[in-house]
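Each chain, letter by letter, is given below.
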Amino acid sequence: MPRKSTNPSVADEGAAPGGTAAVDRALSLLSAFRPGDRALGVTELAERTRLHKSTALRLLNSLAHAGLLVRDETGGWSPGPEIDRLAQVRAAAFPLEAVALPLMRALVAATQESVALHVRSGAQRLCLLRVDSPHLLRDHVRAGDLLPLERGAGGRVLLAFAGEPGALSDQIRREGYLLRTGDRVAGLTGISAPVWRSGGAAGAAPVLVGALTLTVPEPRMRPELVGALRETAARLSAALGAG
């Protein structure tokens, strides 16, 4: 009879005092997802958490039932819509909204174009905050919508400043912004720059918050919009302590 492993799981090592083991183990599965992960198989998740595969699968099914994870047709698991809903709830109570929205509204008033703040959400990006252009002709993304990381100026900026390799990411890091037309929607130009916050401790590197993105129908694109977007992103970063 094979001997049972005595190697504790990640959850057992960091168990909450007075908590519930099953909850700790379920939460360890959520914490196992890392930047850049796509859908992960149960074997990979079990290895990362040091849970038995059968235990991991039962917990994954419970998390999926709650909408915290989703399972694709190949059997892979990825963060689910409930995480995005909770992120929106947290964002509503987080000082970022109070700091960002006045600057975003001022940018829209000055440019008459729509602006959004995108943050990474697993293998996608979440439109966290949004102020619409007064024009009828505009893109119609709303706060709370999920968009691809691999298409659109905002997604490419998030990838670049998360360390994505490649010539385009190198260019974005070098220039500090991206202007891209027709990347996600034909005829739509996106101008995006990173937003940073203080790293906390003195001397700590700034932490990437998200990507501030101005979206402009191609016929209305004009060069001064690039400077306006970049200035607002810099002002927002400064207000968050990264200036």
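Above this text sits the structure in question.
Parameters and conventions
Residues numbered from 1 in each chain as written. Predicted model: local features only at pLDDT ≥ 70, side-chain atom pairs only at ≥ 80, totals over all residues. Heavy atoms only, no water. Pairing = 2+ DSSP bridges. Helix = DSSP H or I, 4+ residues; strand = E, 2+ residues; numbered from the N terminus. Axes fitted to C-alpha atoms, helices over the stretch in contact; angles between N-to-C directions. Contact = heavy atoms within 4.5 Å. Polar contact = N/O pair within 3.5 Å; in protein donor to acceptor, adjacent residues only side chain to side chain. Salt bridge = Lys/Arg side-chain N within 4 Å of Asp/Glu carboxyl O. Phe/Tyr/Trp six-rings, centres within 6.5 Å; stacked < 30°, edge-to-face > 60°.

## Points about the sheet that holds strand S3 (residues 114-121)
Right, on to step 1. Read across the sheet, 6 strands follow the order S5-S4-S3-S8-S7-S6 without closing on themselves; strand pairing throughout is antiparallel. The open sheet terminates on both sides in strands that have one partner only, identified here as strand S5 (146-148) and strand S6 (178-181). Strand-to-strand, the axes of this sheet are offset by a mean angle of 35°, without reference to chain direction.
Right, on to step 2. Pairing analysis gives 4 bridges linking S6 to strand S7 (residues 188-197), with the strands arranged antiparallel. Counted as the bridge partner of arginine 180 is glycine 190 from S7.
Right, on to step 3. Sheet strands touched by helix H9 (residues 224-239): S6, S7 and strand S8 (207-217). Its angle to S7, the strand with the most contacts, is close to 20°.

## Considerations on the side chain of arginine 48
Right, on to step 1. When you line up the elements, arginine 48 lands in helix H3 (residues 42-49).
Right, on to step 2. Polar contacts involving the side chain of arginine 48 include one to the side chain of glutamate 44, which spans 2.7 Å.
Right, on to step 3. Setting aside residues up to four positions removed in sequence, arginine 48 forms contacts with Val10, Ala32, Phe33, Arg34, Asp37 and Leu40.

## Quick look at the pattern of salt bridges
Side chains that differ in charge, positive against negative, can pair when their charged atoms come close.
Right, on to step 1. Per the counting criterion, the structure on display carries 13 salt bridges.
Right, on to step 2. Shared partners join several salt bridges into a network, and the residues in it are Arg130, Asp132, Arg138, Asp139 and Arg184.

## Some thoughts on the packing of aromatic side chains
Right, on to step 1. Taken as a whole and judged by the stated rule, the model has 1 aromatic pair.
Right, on to step 2. Taken together, a centroid distance of 5.6 Å and an interplanar angle of 90° make the contact between phenylalanine 161 and tryptophan 196 edge-to-face. With phenylalanine 161 in the loop between helix H7 (153-160) and helix H8 (167-175) and tryptophan 196 in strand S7, the pair connects residues that are 35 residues apart, well separated along the chain.

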